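For reference, the chains in residue letters:
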Amino acid sequence: MAEKLAPEKRHEFVHNGQKVFEWDQTLEEVNMYIDLPQNAPKKLFYCKIQSKHIEVGIKGNPPYLNHDLSSPVKTDSSFWTLEDEVMHVTLQKRDKGQTWASPILGQGGLDPYVADLEQKRLMLQRFQEENPGFDFSQAQFTGTCPDPRTFMGGIRND
């Protein structure tokens, strides 16, 4: 049932008409998907994940991304992989349940309507996690959705 509340589609961050990366999020993580340039040896790609910063690039060249993150991450649980022609970066949220408007601070934030939909989806994920016998995939909120990180005393970390 939880998979019904998984992200339905990825958000795109576009700069000067060019897609920089796609991303999505769950209660616990933010996933970034970066298309790799063709004909570049895979062993030359790198990704450096710090608590509040990310750097991605090809060794010997200026970084493709070199930005502060919107929120802090757990570096020991964050990682990156190369899958086909895509770099997949998994950032483990330090504050489980926090709704990120964008992985990159001040860049490509979600518009208010999409951010509200994202917060509602994360809230339903939280309900599903805390009540595994119920199916919240068809549930709806009317009005403003509470913050999934702080609602009713916050998320349990057990």
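Above: the structure in question.
The structure displayed is predicted, hence computed values, not measured ones. (Residues numbered from 1 in each chain as written. Predicted model: local features only at pLDDT ≥ 70, side-chain atom pairs only at ≥ 80, totals over all residues. Heavy atoms only, no water.)

### Describing the overall build of the protein chain
Put simply, the rule is: Numbering of helices and strands starts at the N terminus; helices are DSSP runs of H or I of at least 4 residues and strands are runs of E of at least 2. Note on classification: 1.4 Å probe, protein chains only; a residue is buried when its accessible area is under 20% of the maximum for its type, exposed when over 50%, partly exposed between these limits. We call two residues contacting when some pair of their heavy atoms lies within 4.5 Å. With residues, only the protein chains shown are counted as cover, and all accessible areas are computed by Shrake-Rupley using a 1.4 Å probe. Counting rule applied: Lys, Arg positive; Asp, Glu negative; His and chain ends not counted. To locate a charge, take atom NZ for lysine, CZ for arginine, CG for aspartate or CD for glutamate.
Assigned secondary structure in the protein chain consists of one helix and eight strands. Secondary structure elements of the protein chain occur, N-terminal to C-terminal, as β-β-β-β-β-β-β-β-α. Referenced to the eigenvectors of the C-alpha coordinate spread, the extents of the protein chain come out at roughly 50 × 35 × 25 Å. The buried share of the protein chain, reckoned over its 158 residues, is 40%. Of all intrachain contacts in the protein chain linking residues separated by at least 6 positions in sequence, the fraction that spans at least 24 positions is 55%. Here the protein chain has roughly 9300 Å² of accessible surface; of this, 49% comes from carbon and sulfur atoms. When the 18 positive and 23 negative side-chain charges of the protein chain are each reduced to one mean point, those points stand 4 Å apart.

### Considering unusual backbone geometry
Look at N39: it is not a glycine, yet its phi comes out positive at around 65°. For N39, the location among the structural elements is in the loop between strand 3 (29-35) and strand 4 (45-50). The backbone of D84 shows a phi angle near 55°, a positive value even though the residue is not glycine. The topology assignment puts D84 in the loop between strand 7 (73-83) and strand 8 (86-93).

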